[in-house]
There are 2 protein chains.
Amino acid sequence: MMNTKSDRHRAIRQIIAAGQIFNQNELKETLESQGFATTQATLSRDLMALKVIKVPHAEKGYIYTLSENYQSTAPQVEGSSPLQTCRSIAFSGNLAVFKCLPSFAPSVALVLDAVGMPEIIGTIAGDDTILIILKEGLSHERFRTALVDRFPELRDRI
Amino acid sequence: MMNTKSDRHRAIRQIIAAGQIFNQNELKETLESQGFATTQATLSRDLMALKVIKVPHAEKGYIYTLSENYQSTAPQVEGSSPLQTCRSIAFSGNLAVFKCLPSFAPSVALVLDAVGMPEIIGTIAGDDTILIILKEGLSHERFRTALVDRFPELRDRI
DNA sequence: TCATAAAACGTATAATTATACTTAAAAAAC
DNA sequence: GTTTTTTAAGTATAATTATACGTTTTATGA
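Attention in this report is confined to the structure presented alongside it. Only a predicted model underlies this, so the values are computations on that prediction, with no experimental measurement involved. Per chain, residues are indexed from 1 in the order of the written sequence. Working convention: letters from A go to chains and numbers from 1 go to ligands, in the order in which they are written. Owing to the predicted nature of the model, reporting of local features is limited to residues with pLDDT of at least 70; listing and counting of side-chain atom pairs is limited to 80 or more, with chain, interface and lining totals taken over all residues. Hydrogens and water are ignored here; the side-chain numbers use all heavy atoms of the structure.

Here we come to the protein's contact with DNA strand C. We call a residue near a given molecule or strand whenever any one of its heavy atoms falls within 4 Å of it. Residues in close proximity to DNA strand C total 17 residues, the closest being Q24(A), S44(A), K54(A), T42(B) and R45(B). Among the atoms of DNA strand C lying within 4 Å of the protein, the sugar-phosphate backbone contributes 60%. Under the rule applied, a polar contact is a pair of N or O atoms within 3.5 Å (in protein, one hydrogen donor and one hydrogen acceptor; residues adjacent in sequence only if both atoms are side-chain atoms). Side-chain polar atom of R8(B) to a phosphate oxygen of DNA strand C: 3.1 Å apart, as the coordinates give it. One of the side-chain N or O atoms of T42(B) is found 2.5 Å from a phosphate oxygen in DNA strand C. Secondary structure elements follow DSSP: runs of H or I no shorter than four residues count as helices, runs of E no shorter than two count as strands, and numbering proceeds from the N terminus. Those elements giving two or more residues to the surface near DNA strand C turn out to be α3 (40-49) of chain A together with α1 (4-18) and α3 (40-49) of chain B. Asp, Glu, Lys and Arg are counted as charged, while Ala, Val, Leu, Ile, Met, Phe, Trp, Tyr, Cys and Pro are counted as nonpolar; the rest, among them Gly, fall into the polar class. Class assignment of the residues belonging to the surface near DNA strand C gives a composition of 5 nonpolar, 7 polar and 5 charged.

Structural data, given as C-alpha cells:
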C-alpha cells in the first residue's frame, strides 16, 4: 500500500504549512492532485490528530495553520514545587509580601498566576520577593488559609 | 449610552479566558446569564472580530481560546503600540493590576509613564504584570475611561 | 433639523466540520 | 491458521459556524 495514513498526514502538514488552505474541501482537492484519494470526514479526523487549528485571516475569514507555528504562552506547572522555596508572608492593607529564596520569586509567581486563585488580583516578582495584590475585602487570615489549602507544602512556612 | 457591543466583547474575552467554552451556544448561554441577550450569528461575528480561535482539546474535541494565549513563533509585524499586548485590568483599593503578554510589562509601563497621566501616581512592572498606583479618590470606572481615552486600542480589552 | 450613510444585528439558511454507524483491513492473541 | 481486537476510513447525517439579506439603530453632514 503506497498511501498510508502517515504518508497522508505528512502531506497534509506540508500543504498546511504552505499556507493557502481555508477549508477541508480545498485540502481534499490539493491532496487528490497529489494522488491521495480521501474524504472530508477523514480529513476532519486527520486535522484533529495533527492538532491543526484555524486562525483568523484578514481576507478569507479563517485559515488553517499548524499549531506548532503557534506556541502556548500558558505556563505549565509540574514536578517539584517552587513554592517550597518560600520563607514567609507579611501583609499590609490589600497587599501581601511573600519572601522566597533568592532568584526564586519569578517562578513562584508564575505558579501563583497559573493556578488562578480568585483571591489574587495580580502578582509582581522581584528576585526573592513577590508582591501579591489581593482582592478587595479579603482578610489576611482567609488568604493565608486559601494559600495553604492550595499549596499544602506551605503549611508551617507562612 | 452604554456601549453594548464593547461591553459584550469584554465579557466574551473574560468568559473565553476562563476556559470552559466549547461552542457558540454555550457562550450565548453564559452571556445570557450575565444579562447579555444576543444571537449565535452575532457571536460568530464577535469571535472573528476578537480573533478567538478553537484549539484541539483532549476530551471535548475543540475549545475556544483567546489567540493571545497563543503566540506565533513566526516573526510577524503586529501593531506598533505595546499597549496591544494588554489583556485585562483589575482593581483592588487604589491599585490597578494590568496584565500583558509575558515580557511586555516593562515596555507597557514605560509608555504609561511617558504619557504622564495625572491619574497615575506610579507604576511597577514585573514580567507580564504592572502594578499601577492610582491617585487617591479616583474611581475604577473613571480610570478605565481615562485609559481608553488615552489608548483607544485598549477598548474591548480592559 | 432632516436626509443620508454607516454600523449593528436578527432571521433564515448556506457552508463547513464533526461524528454515529458500518465495513473492511490489519494486528494481536490464541 | 483461525479468532478476536484494533485501527482506518467511507457514508450519511448531525452539529456547528458563517453569511446574505433585510431591518433597525446610530453616526454624519447639509
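Before going further, it helps to spend a moment on the protein's contact with DNA strand D. Of all residues adjacent to DNA strand D, which total 17 residues, the nearest are T42(A), R45(A), S44(B), K54(B) and Y64(B). Restricting the count to atoms of DNA strand D within 4 Å of the protein gives a sugar and phosphate share of 63%. Note that a base nitrogen of DNA strand D is positioned 2.9 Å from one of the side-chain N or O atoms of Q40(B). In the model, a phosphate oxygen of DNA strand D is placed 2.3 Å from a nitrogen or oxygen of the K54(B) side chain. Elements supplying a minimum of two residues to the surface near DNA strand D: α1 (5-18) and α3 of chain A together with α3 of chain B. In terms of residue count, the dominant contributor to the surface near DNA strand D is α3(B) (5 residues). Partitioned by chemical class, the residues of the surface near DNA strand D number 5 nonpolar, 7 polar and 5 charged.

To describe a pair of aromatic rings, you give the distance between the ring centres and the angle between the ring planes. Residue and element names in this part refer to chain A. Working definition: rings of Phe, Tyr and Trp (its six-membered ring) pair if their centres are within 6.5 Å, and the pair is stacked with planes under 30 degrees apart, edge-to-face with planes over 60 apart, and tilted otherwise. Enumeration over the complete set of coordinates arrives at 2 aromatic pairs over all chains. Between the aromatic rings of F91 and F143, the centroid separation amounts to 6.3 Å while the plane-to-plane angle is 90 degrees, which identifies the pairing as edge-to-face. In this pair, F91 sits in strand β4 (residues 86-92) while F143 sits in helix α5 (residues 140-150), placing the two residues 52 residues apart along the sequence. Classification of F143 by relative accessible area gives buried; the value is 0%. Here the term buried applies to any residue with accessible area under 20% of the maximum for its type, exposed to any over 50%, and partly exposed to those in between, with areas from a 1.4 Å probe on protein chains only.

Picture the strands of a sheet paired through backbone hydrogen bonds; they go either parallel or antiparallel. All names here are of chain B. Here 4 strands make up an open sheet; going across it, the order is β4-β5-β7-β6 and the pairing antiparallel. The open sheet has two edge strands with one neighbour each: β4 (86-92) and β6 (120-125). Adjacent strand axes in the sheet meet at a mean angle of 20 degrees, parallel and antiparallel pairs treated alike. With 6 bridges connecting them, β4 and strand β5 (residues 95-100) associate as antiparallel partners. Bridging across to β5, S92 finds its partner in L95. In this analysis, strands are considered paired if DSSP registers two or more bridges between them. Angles shown run from 0 to 180 degrees and are taken between the N-to-C directions of axes, each axis being a line fitted to C-alpha atoms and, for helices, limited to the stretch in contact.

With that settled, the discussion passes to α1(B). Residues and elements named next belong to chain B. The terminal C-alpha atoms of α1 lie 21 Å apart, and with 15 residues this matches the ideal 21 Å at 1.5 Å per residue to within 8%. Here α1 has its buried residues at S6, D7, R8, H9, A11, I12, R13, I15 and I16. Tucked inside the fold, the buried residues of α1 contact α2 (24-33), α3, β1 (52-57), β2 (61-66) and β4. In the segment just after α1, G19 is the residue with positive phi, at about 85 degrees. To estimate the expected span of a helix, subtract one from its residue number and multiply by 1.5 Å. Two residues form a contact once any of their heavy atoms are found within 4.5 Å.

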